[in-house]
Amino acid sequence: MDSVLNQIGIENYIFLSVALFCIGVFGVLYRRNAIIVFMSIEIMLNAVNLLFVAFSTYHQDAQGQVFVFFSMAVAAAEVAVGLAILVAIFRNLGSIDVANLKNLKG
Amino acid sequence: MNTLIAITGLGVLCLLFEIFNFRKGIIPFTIVGLLATLALTVNDYGTNASFYNNMIVVNNFSVTFSSLFIVLTIFLVALSHNFYESHPTKISDFIAIKIFMLSGAVAMVSFGNLAMFFLGIEILSIALYILCASDRLNLKSNESGMKYFLMGSFASGFILFGICLVYGAMGSFDVIEISELSRSAELPDWFFIGILLLTIGMLFKIAVVPFHFWAPDVYEGAPALTTATMSTLAKVVAMATLFKLLSVLNADISESFQIVIVVLSIASMTVGNIMALRQVNVKRMLAFSGISHAGFMLMTLLTLTTSASTLLYYAAAYSISGIAAFAVILYVCKNRDNEDITNFHGLGKTNPLLAAVLTGALLSMGGIPIFSGFFAKLFLFNQTIEAGYLVLVIVAVVNSIISIGYYFKLILAMYGKEPNEEKTGTPILYYSVAVVAIVINIVIGLFPSLVLDLM
């Protein structure tokens, strides 16, 4: 495992994660379908998880991998709440387009 | 440590009460339990201990801020009784979520490891997403929950990425190890990017300009009691956490970072106040007022080593006057579908006591003497001038004057206009919370050393 990381180099893992994170950020900012926005948030969080594992191997330290468990559990809880809110919106509005949510302005 | 266990246990007990069909006792029991927890927390004052491999650190900072959060939660739970009258079957859920949110808040100020920090902030945020959307048949509440959820998890992504880069640079999540390593000369660039991303994520949660755009919408749409929670508890928690995070991770902030904080502070105060001037919805007005107060509290980050007690004092003054104001707003806007200023017309005649309390709370936020808000601003400005940021303080004083403008708009509406309708019913809990909160506010205003000497 160590030799693979040496061959590829930690920088490339960082670049990959940053690229995935940015894809997630742009997905959140530009997509209008709530499900796709949720998926983009998941991409952001999973990009970070990938980098945690890479750093964990780089430092030869298990803490990073343990942290990934925490962040996966938290992400699952977060999406569960998000989907519940989305169901409530769908029942009231009949659509999951976030562009429809503009009642609050001032 | 005991605080965290006691609070979590209390939350579980709330859920058990529901199973054993003991709904009526939930609120009194929770308040007594929280008072006991407060005593337990105060008992820890003066100790310096760490638990579970330095996951949780108990020191004066964590004890004093945890006590403040527990006091705020007691008020919020006391207000719940009348607010959730129409949903008697769900009372245990609402109370339990508030208690679990408090456990997240306590974890956020007593972390010794970034894992604990992350868990704390997520517990707090997820509880707030649920509370925001809890009025599920109301489209406004849904929308506010959705907006808060999207912004909150977006910010969590940034915080997580920041933690990851700090870990990559240091090879540890332990804040003591990180701060020791950060004093060494050779630091990878990722470390600073990580700190920057962590700061951005926290600024989202505090709602500082330019990361504030979600706050007014979310505050307006959420049920009024949730707005009270967000604008008092959540804001103070996030601010205290950012303070602790920056002071444990890099003891001496660089010059350029200080310039960023000065600019953000000025922008936040000015934008918050100017936008607040043209609001007609009281919740929205208090959201913008909260943004400007966040700008004031951000000034404490410029003198990290000495300003912990000033931050505590400012946070206590701001949040307790916020509780008093919201107790009155909850009373006035009960059974109404909006919170416009017209609802407050003539409150000075129909209900002089609550009008006086709301006036006091608003004057405290605006910074008028004998209320603690004035002394909070006085100490904060004093400290900032001593650190050499004269321009920042001048802008802050000008902003305090502007803020009087919109606070007085509400006060004039209460005393100058004729009442539209007679209000019946006197919920005793709203009265007692409002009066107790304003009395605490005046007491810590008259004797500032009660709070300032704690740290």
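Computed from a predicted structure; not experimentally measured.

Our focus in this paragraph is the overall build of chain B. For chain B, the helix and strand inventory stands at 19 helices and two strands. Expressed as lengths along the three principal axes of its C-alpha atoms, the size of chain B is roughly 70 × 55 × 40 Å. Buried residues in chain B amount to 59% of all 455 residues. Across chain B, every contact between residues at least 6 apart in sequence was considered, and the portion connecting residues at least 24 apart equals 78%.

A count of helices and strands for chain A gives four helices and zero strands. Listing every helix and strand of chain A by position from the N terminus yields α-α-α-α. Scaling as 2.2 N^0.38, a compact globule of 106 residues should have a C-alpha radius of gyration of about 13 Å, whereas chain A reaches 18 Å, well beyond that. Once the C-alpha set of chain A is aligned to its principal axes, its extents read approximately 55 × 25 × 25 Å.

On to helix H16 (residues 372-386) of chain B, then. All names here are of chain B. Between the first and last C-alpha of H16 there are 21 Å, a value that for 15 residues agrees with the 21 Å anticipated at 1.5 Å per step. Turning to H16, its buried residues are Ser372, Gly373, Phe375, Ala376, Lys377, Leu380, Phe381 and Thr384. In this structure, the buried residues of H16 make contact with helix H12 (282-298), helix H13 (308-332), helix H15 (352-366), helix H17 (390-416) and helix H18 (428-446). Trailing H16 by a residue or two, Gly388 shows a phi angle of about 95°, which is positive.

Our focus in this paragraph is the nonpolar core. Residue and element names in this part refer to chain B. Residues Ala315 and Ala327 are the most contacted members of the largest nonpolar core, which totals 200 residues. At 20 residues, H13 tops the list of elements feeding residues into this core. Each of two domains, domain 1 (1-153 + 173-184 + 215-235) and domain 2 (253-455), supplies a minimum of three residues to this core.

Once that is clear, we can look at the interface of chain B and chain A. Opposite the 37 residues of chain B that make contact, chain A presents 32 residues. Elements that contribute at least two residues to the side of chain B that touches chain A include exactly helix H5 (114-132), helix H6 (139-170) and helix H9 (214-221) of chain B. Residue contributions to the side of chain B that touches chain A peak at 18 residues, all from H6(B). Residues belonging to the side of chain B that touches chain A are distributed by class as follows: 18 nonpolar, eleven polar and eight charged.

So, about the domain arrangement of chain B. Residue and element names in this part refer to chain B. Taken domain by domain, chain B consists of domain 1 (1-153 + 173-184 + 215-235) and domain 2 (253-455). Just the C-alpha atoms count here: the centres of domain 1 and domain 2 sit 22 Å apart. Each side of the interface is counted separately: domain 1 has 24 residues, and domain 2 has 29 residues. Mapped onto the side of domain 1 that touches domain 2, the elements with two or more residues apiece are helix H3 (60-83), H9 and helix H10 (224-249). In terms of residue count, the dominant contributor to the side of domain 1 that touches domain 2 is H3 (twelve residues). For the side of domain 1 that touches domain 2, the class distribution of residues is 15 nonpolar, seven polar and two charged.

The amide bond that connects B:Val209 to the next residue, B:Pro210, takes the cis arrangement and shows omega of 5°. For A:Gln60, which is not a glycine, the phi torsion comes out positive at approximately 55°. With respect to the helices, strands and loops of the structure, A:Gln60 is situated in the loop between helix H3 (34-59) and helix H4 (63-93). A positive phi is found at B:Ile370, a non-glycine position, where the angle reads about 70°.

Our focus in this paragraph is the confidence of the model for chain A. For chain A, per-residue confidence averages 90 on the pLDDT scale, and residues scoring 70 or more make up 96% of the total. Put simply, helix H1 (residues 2-8) of chain A is where chain A has its lowest mean pLDDT, 76, and H3(A) is where it has its highest, 94.

Residue and element names in this part refer to chain B. Their axes nearest at 8 Å, the elements H6 and H9 cross at an angle of 145°. For the pair H6 and H9, the crossing hand works out as left-handed. Residues Lys140, Ser141, Glu143, Ser144, Lys147, Tyr148 and Met151 of H6 form the contact with H9, whose own contacting residues are Trp214, Asp217, Val218 and Gly221. Residue composition of the contact of H6 with H9, by class: four nonpolar, three polar and four charged.

The next thing to look at is the packing of H13(B) against H15(B). Residue and element names in this part refer to chain B. The contact between H13 and H15 brings their axes to 9 Å, and the two run at 145°. H15 is crossed by H13, and the crossing has left-handed handedness. On the side of H13, the interface is formed by Ala317, Tyr318, Ser321, Ala324, Ala325, Val328 and Tyr331, while H15 contributes Leu354, Val357, Leu358, Gly360, Ala361, Leu362, Ser364 and Met365. Considering only residue class, the contact of H13 with H15 consists of twelve nonpolar, three polar and no charged.

Cut-offs used in this document
- Residues numbered from 1 in each chain as written.
- Chains lettered and ligands numbered in written order.
- Predicted model: local features only at pLDDT ≥ 70, side-chain atom pairs only at ≥ 80, totals over all residues.
- Helix = DSSP H or I, 4+ residues; strand = E, 2+ residues; numbered from the N terminus.
- Buried ≥ 20, exposed ≤ 12 C-beta atoms within 10 Å, placed from the backbone.
- Contact = placed C-beta atoms within 7 Å.
- Rg over C-alpha atoms; globule rule 2.2 N^0.38 Å.
- Expected span 1.5 Å × (residues − 1).
- Core = buried A, V, L, I, M, F, W, Y, C linked by C-beta atoms within 7 Å.
- Domains from an automatic or database assignment.
- Nonpolar A, V, L, I, M, F, W, Y, C, P; charged D, E, K, R; others polar.
- pLDDT = per-residue confidence, 0-100.
- Axes fitted to C-alpha atoms, helices over the stretch in contact; angles between N-to-C directions.
- Left-handed = near helix turned anticlockwise from the far one by under 90°.

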